[in-house]
Amino acid sequence: MGLLSTLLGIIGFGIGIPFGLVVGFFLFIYSKPKPVKEPITRPLYELDSSALLDLLPDIPLWVKCPDYERVDWLNKFVTDMWPYLDKAVCARIRSVTEPIFAEYIGKFQIEAIEFDNLSLGTIPPEIHGLKVSESNENELVLEPAIRWAGNPNIVLVLKLLFFRITVQLVDLQMFMAPRITLKPLVPTLPCFATVVVSLLDKPEVDFGMNLLGGDIMAIPGLYQFIQKTIKRVAVRKPVGILHVKVVRAQKLLKKDILGTSDPYVKLNLTGDGLPEKKTTIKKRNLNPEWNEEFKLIVKDPQSQVLQLQVFDWDKVGTHDRLGMQFVPLKLLTPYETKEFKLDLLKHTNVNIDPQDKKQRGKIVVELTYAPFREDSIKLDGPHDGYGRKESGLDRPSDSEVFGGAGLLSVLVQGAEDVEGERHSNPYAVVLFRGEKKKTKMSLLFYIKERNTKWCFQRIKRTHDPIWNEEFQFMLEKPPLNEKIHIEVMSKRSRISFRSKERLGNVDINLTDVVHNGRINQKYHLINSRNGVIHVEIRWTTV
């Protein structure tokens, strides 16, 4: 009996595996996404008491919280505009994702990535309540509660070798509570100068994803991983510094008439939106030695990529690109220096020009990723008073402060009551360690009627400029006993011998910033009657 059962088990195992592989292969190839069905909705009076209790968490905030107002008119507006918003948002999604997909074509045998269907569905987001707050800061704060349980029809097709894999997004639900701040309030239409949008909390996003006819979000651990990723991407702040040393290049292409090139290197991190860094130019050299060091701010070491491009400098015309390469930051181990010897490529996508196999030389770089310390920021609450807040008796000594590199972030928010004889376009200048950075001119506008048409015009000679611009300085040591100089200037719009005018300045001691991690204060401007500037400064250590 035992021999018979063993024999039958072996036969069943031998038949089951090939059969399962065949069935799985046909499901993999011929499975199609399910059509999106319209959800069934029922009015509340048709539901019994148990169903109403189940819906209690979904009751709008204007029912549960007296601070929130009912905004049916706004929901009606969104509903009427939704068919047009759907097309506009989907077009934007396509334009943003196309270059991202293009980076993967040709890699891992991927032939194409494209949307088979892309629609946000027929159900628009709903505003469950709107809270309006007033403060003493001459601003108006709106806090809408937005919930969206939509029926989108989003199908992504991945062509891999001779396979066609379809991924469908289903059952999308989203809840977010943004804060919309209108400031400062001004006596001309539209009665505010700027709009600042922030999130009160990380958004809640839930969805399903069908692959091969099944929901892959049911895989243990995958759902939690995606939720953490969404919340991390929602608020991307600097998490470390990438130290880049461009060492040398070898055997570069000859681009000049005399059989040489004048190479230099551009480098930047994807997704940071900051200007590119550049090395010096090495004249008439196909094997240049740079040994130049740079520091780049890292926001997401798992997804960001260092982009290196080698160019031939030309005195006239555009500079020719000699080659390029990418280094994903996820290849780096924190605090460990790693050397990369990279073959330069014409394109990151080898399928663009498969006939081009020309050797473009090599580039050698050394990379070190230094993450910030988690305990380096000790947040102080905002200070309503003017001037500098002195630290308490528990301040650590200078020897206890971490003495390594860090990031000094300076956010120049705005100024109040700045005055001058001829000023019309105020801006701020930040000076620190010989480095000079300045804000754009204040962007205050009002609406004016002209020939029965409404148009925007700029408010000149404003006394309360708003900038909200942040500048960052990467330092090797904490700026103890150092000061940062901020000056408010004004520039006349028309030609004049005295086109600039100083409206006031302030020197801020950075010792408290190093000890406390952050200050957010208003400072009286020197050489100004009543002028005040609002500045937030952070120090984050590595």
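Residues numbered from 1 in each chain as written. Predicted model: local features only at pLDDT ≥ 70, side-chain atom pairs only at ≥ 80, totals over all residues. Heavy atoms only, no water.

If you look the protein up in an unreviewed UniProt entry, it shows as Synaptotagmin-3-like isoform X3 from Durio zibethinus. As recorded by UniProt, the Sequence similarities (unreviewed entry) comment attached to the protein reads in full: "Belongs to the synaptotagmin family." What UniProt records for the protein under Subcellular location (unreviewed entry) is the sentence "Membrane". (UniProt positions renumbered as here; feature names shortened; annotations may be inferred.)

**Examining the overall build of the protein**
When helices and strands are counted, the protein shows six helices and 27 strands. Every one of the 542 residues in the protein was classed for burial, and the buried ones make up 37%. Of the contacts formed within the protein by residues at least 6 apart in sequence, a portion of 68% connects residues at least 24 apart. When the accessible surface of the protein is split by element, carbon and sulfur atoms take 57% of a total near 33,000 Å². (Helix = DSSP H or I, 4+ residues; strand = E, 2+ residues; numbered from the N terminus. Buried < 20%, exposed > 50% of the residue type's maximum accessible area, 1.4 Å probe, protein only. Contact = heavy atoms within 4.5 Å. Areas by Shrake-Rupley, 256 points an atom, 1.4 Å probe, with all protein chains shown as cover.)

**Overview of the environment of threonine 541**
Within the secondary structure, threonine 541 sits in strand 27 (residues 532-541). Sequence-wise, threonine 541 and valine 514 are 27 residues apart; in three dimensions their C-alpha atoms are separated by 9.0 Å.

**Remarks on the sheet that holds strand 17 (residues 362-371)**
With antiparallel pairing, the four strands of this open sheet are ordered in space as 13-10-17-16. The strands lining the two open edges of the sheet, one partner per strand, are strand 13 (289-298) and strand 16 (338-343). Between one strand axis and the next, the sheet turns through 25° on average, direction left out of account. Pairing of strand 16 with strand 17 involves six bridges; the strand directions are antiparallel. Across the sheet, aspartate 343 pairs through a bridge with lysine 362, a residue of strand 17. (Pairing = 2+ DSSP bridges. Axes fitted to C-alpha atoms, helices over the stretch in contact; angles between N-to-C directions.)

**Some points on the packing of aromatic side chains**
Under the counting rule described, the total for this entry stands at three aromatic pairs. Between tryptophan 82 and tryptophan 148, the ring centres sit 5.8 Å apart and the planes meet at 70°, which makes this aromatic pair edge-to-face. Within this pair, whereas tryptophan 82 is found in helix 4 (residues 72-104), its partner tryptophan 148 is found in strand 3 (residues 140-149), the two being separated by 66 residues in sequence. Just as tryptophan 82 is buried, tryptophan 148 falls in that class too. The interplanar angle of 70° and the centroid separation of 5.5 Å between the aromatic rings of phenylalanine 432 and phenylalanine 473 together place this pair among those described as edge-to-face. (Phe/Tyr/Trp six-rings, centres within 6.5 Å; stacked < 30°, edge-to-face > 60°.)

**Some remarks on the pattern of salt bridges**
One pass over the structure, following the stated rule, counts 12 salt bridges. Lysine 76 is paired through a salt bridge with aspartate 80; the nearest N and O atoms lie 2.7 Å apart. Of this pair, lysine 76 and aspartate 80 both sit in helix 4, separated by four residues, roughly a single helical turn. Note on lysine 76: relative accessible area 49%, which makes it partly exposed. The exposure class of aspartate 80 is partly exposed, given its relative accessible area of 43%. Where glutamate 276 meets lysine 266, a salt bridge forms, and the shortest distance between an N and an O atom there is 3.7 Å. Separated by 10 residues along the polypeptide, glutamate 276 in the loop between strand 11 (263-269) and strand 12 (277-278) and lysine 266 in strand 11 bring together distant segments of the chain. (Salt bridge = Lys/Arg side-chain N within 4 Å of Asp/Glu carboxyl O.)

**So, helix 4**
For helix 4, with 33 residues, the first-to-last C-alpha span of 45 Å sits near the 48 Å given by 1.5 Å per residue. Of all the bends in helix 4, the greatest, near 55°, is centred on tryptophan 82, and the proline proline 83 appears no more than four residues after it. Restricting attention to buried positions, one finds in helix 4 the residues Asn75, Val78, Trp82, Asp86, Cys90, Thr97 and Phe101. Among the residues trailing helix 4, glycine 106 stands out with phi positive, at a value near 100°. (Expected span 1.5 Å × (residues − 1). Bend = angle between axes of the 7 residues up to and from the residue.)

**Overview of a nonpolar patch on the surface**
On the surface, a nonpolar cluster with roughly 480 Å² of combined accessible area is contributed by Phe77, Met81, Tyr84, Leu85 and Val89. Along the chain, valine 89 falls in helix 4. Owing to a relative accessible area of 35%, valine 89 belongs among the partly exposed residues under this scheme. (Patch = residues over 30% accessible without salt bridge, like charges linked within 9 Å, V, L, I, M, F, W, Y side chains within 5 Å.)

**Brief notes about a positive patch on the surface**
Side chains of Lys436, Lys438, Lys491 and Lys500 sit close together on the surface and give a patch of like positive charge. Here lysine 436 shows up in strand 20 (residues 435-438). Taking relative accessible area as the criterion, lysine 436 reaches 58% and is therefore assigned exposed. (Lys, Arg positive; Asp, Glu negative; His and termini not counted. Charge placed at Lys NZ, Arg CZ, Asp CG, Glu CD.)

**What to know about the environment of alanine 249**
With respect to the helices and strands, the residue alanine 249 is situated in strand 10 (residues 240-250). Overall, the relative accessible area of 1% leaves alanine 249 in the buried class. It is 9.8 Å that separates the C-alpha atoms of alanine 249 and aspartate 343, two residues lying 94 residues apart in sequence. With near-sequence residues (within four places) excluded, alanine 249 lies in contact with Leu286, Asn287, Pro288, Trp290, Lys362 and Ile363.

**A closer look at the sheet that holds strand 12**
With antiparallel pairing, the four strands of this open sheet are ordered in space as 12-11-14-15. The open sheet has two free edges, formed respectively by strand 12 and strand 15 (320-328), since each of these has just one partner strand. In this sheet, strand 12 lies alongside strand 11 in antiparallel orientation, the contact comprising two bridges. Looking across to strand 12, one finds that leucine 267 is bridged to lysine 277.

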